[in-house]
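# Coordinate analysis (summary)
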Amino acid sequence: MTRNRRELFIEGTVRVLPEVLDFVETTCGGPTASNPDSCFELQLAVEEACCNVFEHAYGETGGAIRIVIESDEDEVTITVNDWGQPFNPALVAPPDMHMPLE
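The sections below set out a description of the structure shown in this document.

## Looking at the overall build of the protein
- Of regular secondary structure, the protein possesses 2 helices and 3 strands.
- When the elements of the protein are put in sequence order from the N terminus, they spell out β-α-α-β-β.
- Compactness check: the protein gives a C-alpha radius of gyration of 16 Å against a globular reference of 13 Å for 102 residues, more than 25% above the reference.
- In terms of overall dimensions, the protein has C-alpha extents of about 50 × 35 × 25 Å along its principal axes.
- When burial is assessed residue by residue, the protein has 31% of its 102 residues classed as buried.
- Long-range pairs, those at least 24 residues apart, make up 61% of the contacts in the protein with a sequence separation of at least 6.
- For the protein, the accessible surface area stands at approximately 7200 Å², while carbon and sulfur atoms represent 54% of it.

Written out as structure tokens, the structure reads:
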């Protein structure tokens, strides 16, 4: 079984998202090639991950991200790496479960 691997290393802020989304779209292959909805879902997941990195790990200054997409006939694996401020869930207050959803 052949495993395809493509990598994008990019420096920036949310302004580079169109380039990131183009990379995901052109790389969509293997199990997503016959299903455009799957490719869109992958783009959406990568966009969300990158936005979180740019907003929370790097803030206003931006920074580097590496996106690796590996695929074969059965699956796609996407890895997003950053070198920004790590997230510490212990510093986040637990949600108030009694508040209305609004």
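## Re the packing of aromatic side chains
- Within this structure, the stated rule accounts for 1 aromatic pair.
- Ring plane angle 55° and centroid distance 5.9 Å describe the contact between Phe-9 and Trp-83, whose orientation is recorded as tilted. Of the two residues, Phe-9 sits in strand β1 (residues 4-12) while Trp-83 sits in the segment after β3 (76-82), which places them 74 residues apart along the sequence. For the pair Phe-9 and Trp-83, one class covers both residues: exposed.

## Some words on the side chain of Gln-43
- Relative to the assigned elements, Gln-43 resides in helix α2 (residues 36-58).
- Within the local environment of Gln-43, its side chain forms a polar contact with the backbone oxygen of Leu-21, the two atoms lying 3.0 Å apart.

Scoring rules and cut-offs
Residues numbered from 1 in each chain as written. Predicted model: local features only at pLDDT ≥ 70, side-chain atom pairs only at ≥ 80, totals over all residues. Heavy atoms only, no water. Helix = DSSP H or I, 4+ residues; strand = E, 2+ residues; numbered from the N terminus. Rg over C-alpha atoms; globule rule 2.2 N^0.38 Å. Buried < 20%, exposed > 50% of the residue type's maximum accessible area, 1.4 Å probe, protein only. Contact = heavy atoms within 4.5 Å. Areas by Shrake-Rupley, 256 points an atom, 1.4 Å probe, with all protein chains shown as cover. Phe/Tyr/Trp six-rings, centres within 6.5 Å; stacked < 30°, edge-to-face > 60°. Polar contact = N/O pair within 3.5 Å; in protein donor to acceptor, adjacent residues only side chain to side chain.

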